[in-house]
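Structural features, examined
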Amino acid sequence: MFKHFNISIPGNTVVAAFDPLVSLEHEAVIGGFKCLYWLVKHEIAHHTNYSALLDLAQLLGCQYFEKLKATYYFADLLVQNGRWFILGVNLTMILVNTSPLSVSLSLNCCELLCHIGQNTNYRSHRIIDDMLDILAAVIERPILQAIRTSQAVGLELDESTDVSVLRQLDIHVRYLDQEGKLCCHFLALVPIQDGKADSIVGAVREVVEKKEIPPHLICGLGTDGAAVMTGRINGVAKQLSEIWPGLLCTHCAAHRLALACKDAADKVPYMKTFKEHLQQLHLYFRNSANRSAALSAAAAVLGITDLKVKEVKDTRWLSQHLAIQNLQKNISAVLNVLAEEVEVRKCAAAKGLYSFLATYRFIAALHLQADVLPHLSRLSKIFQKEDLNFLAIKEQVPVTLAIIGHIKDAGDQQAPGSHLSRLNQSLDDPAGLGQFSISVEQERGRRGQPEGGDREHFWRRFRSEVMDPYLNGLIRGLEERFPNLEVFGSFSALGPQAATSPDHEAAHGHLRTLAEHFPSVDASIAVEEWMSFREHVVSGALKDKTQLGIMNDLTSKYEEFGVLYPNLCKLAAIALTVPLSSVNCERDFSTMNRVKTDLRNRLQGEHLEACMRISISGPSVQEFPYEEALKIFFRKPRKIKCSDNSCTMCH
């Protein structure tokens, strides 16, 4: 049997009847956003540490966080036959307002709907995730708006696995701002079921559609060159080129350089063995505290600071340069430690390493690498720049090829100051290698080489068997992996050399080539625009500017060139936004590995993407627009409200 009571309850629903009236200042919510943003920006576990950080802030005097706490009076809600019933309700709280709602109270109800009796302080995982999504949305919104207004857009793709062995596709975007300057930002991290081309293409199209990026703006695609990305029949680049006509697909320049260096070393047997022994030397000291201590003691005796045998890895671009640079300066200390390990501890591993290192050929190869690798490392650093464009390949690769060619052609007469020119001096230095009396060409018995001979004989054999083949391999690898691509070479029509050249037909041919590849460009109109444009380069506003400066002015919306030369402006925008590497994706994955660790292995999906967006693209804690986040926060009905009843944000 039911007993009925007419009770006045605020609101129009049962849920609204239990909404508390909380006196909350907006700065309390903003303070919560600041604490959460600080944690995520510094890649600290936010679920675990958010509540503790609020407690610390209160302890330090931020008392307004007390306003995030409120005690609500609730009841058990039950339902039977579609009717609501209330048990244990606090009538003092309910009889506050006058909005009437007839509620039946039953003593015999049997079906429990829910129980809502607790204190709230806005520290639950649900509210933290909600605030995290808001912070990421505030960062992403202006980026997407700028992408949609850009004249051209380029995408960088790469896929990897996270600590949970889940396959993730990273998408990085390149676009131009209103001033024609290149901007690069993390766009999305998409979990994919497998690494097949169809799955990657579907994920890319879904992201482009979800972010509302106009497909006709996408003109370039940069990948790491993996078969699934660049396959000629069914690769990702092939499929996307059919979907988006005019898409220019490129293989990462940094990966191409690393592959050229690796191939050149692997094709020379001694250089391959040389690299393997460098890695063995690193592991020999790294895996033993006693050996590392002995190396440090030898460094102290010789007055050397920061002596380490660094690791060599093909997956870390040109890490061999750092290993060579360090070892070349400290080879005497390393040989001293190895000799002591052989004599005192009778260590077989140390004996093998010492026998390989204390030879003429190893010391000569060390000096050769010390001369060559700085130039390759410099080129690698250029290719790893975030805003890399085709001009870097056009200008820097020929310079590196010329330097390597000079080292090869110099032969016995190496340039003064180079490491190879000081080879014999280093071998005779009594305070350095001279104390080891190195008179053996190679490790004994290796490849059946005869023992004995003088240094001149050793040098001739080193040049013919190691140095010349290695340098030839480098030159050949760079020329093969960085050819004068027809489309990229055609962008030279926008440079000062083409404008000042009397051969106009060459520039016209380049423009026709570009127009054939990009449907949005009209070849005949582009040629007409170029005839007028060249006058600005020769004697007008663009005189004495570099090609990069000219293209920036063409794409700037604050200049008149975009109106005067729309086709040339489009070509300049494409040239600036086409990605020539996927290094930004590699950096994104580094961020992912720092954010998603073994202790945070359940972080995934949109929340992982939000954490990465804040870490990569978010402004500093001081510059973040928290007021905008506050407005978005109160777009949803919240139980917390400020004390100002006239506030339109939270009431």
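Keep in mind the model is a prediction, meaning the values are calculated, not measured. (Residues numbered from 1 in each chain as written. Predicted model: local features only at pLDDT ≥ 70, side-chain atom pairs only at ≥ 80, totals over all residues. Heavy atoms only, no water.)

Side note on the side chain of Ser418
Mapped onto the elements, Ser418 comes out in the loop between helix 15 (390–410) and helix 16 (423–428). We classify Ser418 as buried; its relative accessible area is 13%. Reaching out from Ser418, the side chain makes a polar contact with the backbone oxygen of Ala415 at a distance of 2.7 Å. (Helix = DSSP H or I, 4+ residues; strand = E, 2+ residues; numbered from the N terminus. Buried < 20%, exposed > 50% of the residue type's maximum accessible area, 1.4 Å probe, protein only. Polar contact = N/O pair within 3.5 Å; in protein donor to acceptor, adjacent residues only side chain to side chain.)

Notes on the nonpolar core
Counting residues in hydrophobic clusters, the biggest one holds 107 residues, and the most contacted among them are Phe362, Phe383 and Tyr470. Considering each element in turn, this core owes the most residues, 13 residues, to helix 14 (residues 360–383). Among all residues touching Phe362, those that are not within four sequence positions of it are Tyr270, Phe274, Leu278, Leu327, Ile331, Phe356 and Leu357. Core analysis: the second largest hydrophobic core is formed by 78 residues, Val138, Tyr175, Ile213 and Met229 among them. (Core = buried A, V, L, I, M, F, W, Y, C linked by side-chain atoms within 4.5 Å. Contact = heavy atoms within 4.5 Å.)

Notes on the confidence of the model for the chain
The share of residues in the chain with pLDDT of 70 or more is 82%, and the mean pLDDT across the chain is 82. Confidence, expressed as mean pLDDT per element, reaches its minimum in the chain at helix 4 (residues 91–94) with 36 and its maximum at strand 9 (residues 167–176) with 96. Per-residue pLDDT stays below 50 along residues 1–23; that stretch engages in 58 contacts with residues further than four places along the chain or on separate chains. Here residues 71–118 is a poorly scored stretch, pLDDT under 50, and it has 98 contacts once near neighbours within four places are set aside; other chains count. (pLDDT = per-residue confidence, 0-100.)

Some points on the sheet that holds strand 11 (residues 218–223)
In spatial order, the strands read 10-9-8-11-12; together these 5 strands make up an open sheet with mixed pairing. The open sheet terminates on both sides in strands that have one partner only, identified here as strand 10 (182–191) and strand 12 (248–251). Between one strand axis and the next, the sheet turns through 20° on average, direction left out of account. Pairing analysis gives 4 bridges linking strand 8 (residues 153–161) to strand 11, with the strands arranged parallel. Within strand 11, the position partnered with Leu155 by the bridge is Leu221. (Pairing = 2+ DSSP bridges. Axes fitted to C-alpha atoms, helices over the stretch in contact; angles between N-to-C directions.)

Remarks on unusual backbone geometry
Although it is not a glycine, Lys346 adopts a positive phi angle of roughly 55°. Of note, Lys346 is situated in the loop between helix 12 (319–345) and helix 13 (348–357). Not every positive phi belongs to a glycine, and Ser437 is a case in point at roughly 50°. Of note, Ser437 is situated in the loop between helix 16 and helix 17 (455–481).

Topic: the packing of helix 2 (residues 26–41) against helix 27 (residues 626–633)
Close contact between helix 2 and helix 27 brings their axes to 10 Å; oriented N to C, the two are set at 110°. Taken together, the axis directions place helix 2 and helix 27 in an arrangement best described as roughly perpendicular. Two packed elements cross with a definite hand, and for helix 2 against helix 27 that hand is right-handed. Each of His26, Val29, Ile30, Phe33, Lys34 and Tyr37 in helix 2 lies in contact with helix 27, whose residues at this interface are Tyr626, Glu627, Ala629, Leu630 and Phe633. Considered class by class, the residues forming the contact of helix 2 with helix 27 number 8 nonpolar, 1 polar and 2 charged. (Parallel < 35°, antiparallel > 145°, perpendicular 65-115°, else oblique. Left-handed = near helix turned anticlockwise from the far one by under 90°. Nonpolar A, V, L, I, M, F, W, Y, C, P; charged D, E, K, R; others polar.)

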